[in-house]
Amino acid sequence: MAELAVRAWEAVVGLATGLRVTLRALGAKKNTVQYPIERLDVSPNWHGLLALPLDPATGKDKCIICFQCERVCPDRCIHIEAAGKGKERELTRFDIEMDKCCYCALCVEVCPTEAIVFVPCYEASTLDRSRLLYDLDDLHRADSKEPVARGIFSVGGRS
Amino acid sequence: MALRTEELMLNMGPQHPSTHGVLRLLITLDGENIVDAKPYIGYLHSSVEKMMEQRTYLQNVALADRGLDYLTALANEEAYLLAVERLGGIEAPPRARWIRTLMLELQRISSHLVWLGTWGNDLGATTVFLYCFRERERMMDLFEQATGGRLHYVYFRPGGVAQDLPAGWTDRVLEFCDEFPGHLQEYNDLLTGNPIFLARVQGVGVLSKDAAVGMGACGPVARASGVPFDVRKAFPYEAYGEVEFDVPTHDAGDCFARYLVRMEEMRQSVRIVRQAIERLPDGEVRTKVPVAVKLPRGEIYARTESPRGDLGVYLVSEGADRPYRLKVRAPSFANLYALSEMMRGWKVADVIAILGTADIVLSDVDR
Ligand code: SF4
Ligand code: SF4
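What counts, and where the lines are drawn
Residues numbered from 1 in each chain as written. Chains lettered and ligands numbered in written order. Predicted model: local features only at pLDDT ≥ 70, side-chain atom pairs only at ≥ 80, totals over all residues. Heavy atoms only, no water. Helix = DSSP H or I, 4+ residues; strand = E, 2+ residues; numbered from the N terminus. Rg over C-alpha atoms; globule rule 2.2 N^0.38 Å. Buried < 20%, exposed > 50% of the residue type's maximum accessible area, 1.4 Å probe, protein only. Areas by Shrake-Rupley, 256 points an atom, 1.4 Å probe, with all protein chains shown as cover. Lys, Arg positive; Asp, Glu negative; His and termini not counted. Charge placed at Lys NZ, Arg CZ, Asp CG, Glu CD. Contact = heavy atoms within 4.5 Å. Buried area = accessible area lost by both parts, 1.4 Å probe. Salt bridge = Lys/Arg side-chain N within 4 Å of Asp/Glu carboxyl O. Nonpolar A, V, L, I, M, F, W, Y, C, P; charged D, E, K, R; others polar. Near = heavy atom within 4 Å. Axes fitted to C-alpha atoms, helices over the stretch in contact; angles between N-to-C directions. Parallel < 35°, antiparallel > 145°, perpendicular 65-115°, else oblique. Left-handed = near helix turned anticlockwise from the far one by under 90°. Core = buried A, V, L, I, M, F, W, Y, C linked by side-chain atoms within 4.5 Å. Pairing = 2+ DSSP bridges. Phe/Tyr/Trp six-rings, centres within 6.5 Å; stacked < 30°, edge-to-face > 60°. Lys NZ or Arg CZ within 6 Å of the ring centre and 35° of its normal.

Draft legend 1. Expanded view of the overall build of chain A. Across its full length, chain A carries five helices and five strands. For chain A, the sequential pattern of α-helices and β-strands runs α-β-α-β-β-α-β-β-α-α. For 159 residues, the compact-globule estimate of 2.2 N^0.38 gives 15 Å, and the C-alpha radius of gyration of chain A, at 26 Å, exceeds that figure by more than 25%. When the backbone C-alpha atoms are referred to their principal axes, chain A occupies close to 95 × 40 × 30 Å. In chain A, which comprises 159 residues, the share counted as buried stands at 32%. Carbon and sulfur atoms form 57% of the exposed surface of chain A, whose accessible area is close to 10300 Å². Computed over 21 positive and 23 negative side-chain charges, the inter-centroid distance for chain A is 4 Å.

Draft legend 2. Structural view of the interface of chain A and chain B. Counting from both sides, the interface comprises 24 residues of chain A and, opposite them, 27 residues of chain B. Across the interface of chain A and chain B, roughly 2000 Å² is buried in total on both sides, 52% from carbon and sulfur atoms. Applying the counting criterion to the chain A and chain B interface returns three salt bridges. Broken down by element, the side of chain A that touches chain B gets its largest block of residues, eight residues, from helix 1 (residues 2–27) of chain A. Split by residue class, the side of chain A that touches chain B holds twelve nonpolar, seven polar and five charged.

Draft legend 3. The site of ligand 2, seen in detail. Looking at ligand 2, there are 14 residues lining it, with Cys63(A), Cys66(A), Phe67(A), Cys69(A) and Cys111(A) nearest. Looking at the shell around ligand 2, its residues break down into twelve nonpolar, two polar and no charged.

Draft legend 4. The environment of Asp99(A), seen in detail. Residue and element names in this part refer to chain A. As for its placement among the helices and strands, aspartate 99 is situated in the loop between strand 3 (90–97) and helix 3 (106–110). Distance in space between the C-alpha atoms of aspartate 99 and cysteine 73 is 13 Å, their sequence separation being 26 residues. Apart from the residues within four sequence positions on either side, aspartate 99 is in contact with Arg129 and Leu132.

Draft legend 5. Just the environment of Gly86(A), in detail. Residues and elements named next belong to chain A. The residue glycine 86 is located in the loop between strand 2 (78–83) and strand 3 in this model. When its relative accessible area of 61% is taken as the criterion, glycine 86 is described as exposed. In this structure, the C-alpha to C-alpha distance between glycine 86 and lysine 62, residues 24 residues apart in sequence, is 15 Å.

Draft legend 6. Region of interest: the packing of helix 4 (residues 94–122) of chain B against helix 5 (residues 126–147) of chain B. All names here are of chain B. Axis separation between helix 4 and helix 5 bottoms out at 8 Å; the angle between their running directions is 155°. Classified by the angle their axes make, helix 4 and helix 5 are roughly antiparallel. Crossing of helix 4 against helix 5: the hand is left-handed. Residue-level contacts link Met103, Leu106, Gln107, Ile109, Ser110, Leu113, Val114, Leu116, Gly117, Thr118 and Asn121 of helix 4 to Thr126, Val128, Phe129, Cys132, Phe133, Glu135, Arg136, Met139, Phe143, Ala146 and Thr147 of helix 5.

Draft legend 7. How the structure looks around helix 2 (residues 57–67) of chain B. Burial analysis of helix 2 of chain B places ten of its eleven residues in the buried class, which makes it a mostly covered element. By the burial criterion, the buried members of helix 2 of chain B are Tyr57(B), Leu58(B), Gln59(B), Asn60(B), Val61(B), Ala62(B), Leu63(B), Ala64(B), Asp65(B) and Gly67(B).

Draft legend 8. Representation of the nonpolar core in the model. If you look at the biggest cluster of nonpolar residues, it comprises 120 residues, and the most contacted ones within it are Met103(B) and Leu116(B). Counting residues per element, this core draws most heavily on helix 4 of chain B, which supplies eleven residues. Those residues in contact with Met103(B) that lie beyond four places of it in its chain are Leu74(B), Phe143(B), Ala146(B), Thr147(B), Tyr155(B), Phe156(B), Leu165(B) and Trp169(B). In terms of nonpolar packing, the next biggest core, distinct from the first, is built from 29 residues, Leu50(A), Cys77(A), Leu91(A) and Met98(A) among them.

Draft legend 9. Looking closely at the sheet that holds strand 8 (residues 325–329) of chain B. Residues and elements named next belong to chain B. Pairing in this open sheet of three strands is antiparallel, and the strands run 6-7-8 from one edge to the other. Two strands close off the open sheet at either side, each with one partner strand: strand 6 (298–306) and strand 8. The sheet shows a mean angle of 15° between the axes of neighbouring strands, direction not considered. For strand 6 and strand 7 (residues 309–317), the ladder comprises nine bridges, and the chain directions are antiparallel. Residue glycine 298 lies in a different strand from strand 7, and its bridge partner there is serine 317. Sitting on the sheet, helix 12 (residues 331–343) touches strand 6, strand 7 and strand 8, and the angle it makes with strand 7 is about 130°.

Draft legend 10. The arrangement of the packing of aromatic side chains in detail. All names here are of chain B. Throughout the structure, instances matching the rule amount to 15 aromatic pairs over all chains. Here phenylalanine 176 and phenylalanine 180 contribute two aromatic rings whose centre-to-centre distance is 5.2 Å and whose plane-to-plane angle is 20°, an arrangement assigned as stacked. With phenylalanine 176 and phenylalanine 180 both in helix 6 (residues 169–192) and four residues apart, the pair spans about one turn of that helix. Taken as a pair, phenylalanine 176 and phenylalanine 180 share a single burial class, namely buried. Taking 6.0 Å as the distance between ring centres and 70° as the angle between the ring planes, the aromatic pair formed by phenylalanine 197 and tyrosine 259 counts as edge-to-face. Linking phenylalanine 197 in helix 7 (residues 195–201) with tyrosine 259 in helix 11 (residues 255–279), this pair joins segments that are 62 residues apart in sequence. Members of the aromatic cluster, each reached through a chain of ring pairs, are Trp115, Trp119, Phe197, Phe256 and Tyr259. The side chain of arginine 24 reaches across the aromatic face of tyrosine 40, ending 4.8 Å from its centre.

This is the structure in structure tokens:
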């Protein structure tokens, strides 16, 4: 009988501990954000989508076509081709297979001219896998190809 | 008339919410009692060891990071790089060594938080699950600010770390360290204040000290069975030889002991983090190591204490810029061995509680 009483008392104390936490949480600050409507900023270090922004001074690519990023990529997902000689040398192809990329930042680290950079964008999901192949145009734009998460607004009629 | 009974084979997994990955357990039952539990593995095999033979030492950091245990990316990098640096005679500068120690301990806390949360969730304590992940979210923000990644960081490099800590980062970590022990106490109260929880874990899934040694259990599982072994103390690496911390052990060897050991480990990690921040030296964070670094011919075994236990990397180099062979001694694999020993003789309802305390990550088991 006495043992039963002790166990009952323990259960009551346990329940009270839990309820105390619940009550405290009721008045406390929220920890969540309503995702597509509110969003959190990412840190400046963020490993997001890759981009090749144009040099604002010259309006041209900063890339000097040294192939270092292509060589260092552990997933071998960068493909570069160039045409021309000397000063005339130009990128004809700069593809990154974003579905293979593991966001390791090794390419950004080895690039001597900071031509390839990360942009603070994390909404790269698409409905079609082939849209994850980013070519030179996409990389110049420095944004995701098909912002599905933003599409929610139009689907929901919220705009 | 005698009642006819026969043994029943129960297949649990590979798709089961409580195995935390694709683990298939073939459990032999006699009524409700577990006669035997056989783990079948290989569903998450990614052949990362073989892939590492095709990539340079620098590229392999990215593979080690995600090819092994996905919850402790930095600990994997550390084990791999320890082997590389020791074989190549590469020395990381003091600041990098302290930063690594600091990061590894933060990683230990975040990994143990996932364990605590998911285990609590398995046992019906959803509140603890949500709270642990709230805390872990803060840690991931800290990791993100320092390394750029939230789960896979690729932060350590041969000869140091990728970049220095951002300004004000250590203050934010200290702030976290101030609040965290209070939260830990709260989770402890929530769990141990609950008689149902205690009844499900106390005295359940006992692994004796002899069995723990015999089955090669490591890390918190072995320490909860009274084996006072911690690689950080026995074979100090990075700055672990210079910091003060205790290695919690327990003699009971049951689920509750494993819980207590991990809770205490988190408190000790906070202690190490504080010391590391206090003693963080100034200076370089990375020595110059060529991108395609070549290691001399030879073999080496480096062992570290990952949050799950004794993580070792055996590296054979033929003098090229990539490993000839790389073998990972995974702590989860060793602890999975001990799992059948823990489960034998308990009720089928205890499977989840026992499996949770073994803290197995399947990508670490299968590699
Ligand atoms: S981040 Fe890593 S995986 Fe992605 S393209 Fe750069 S080097 Fe390759
Ligand atoms: S490393 Fe930089 S400069 Fe060299 S090819 Fe890649 S993007 Fe261009």
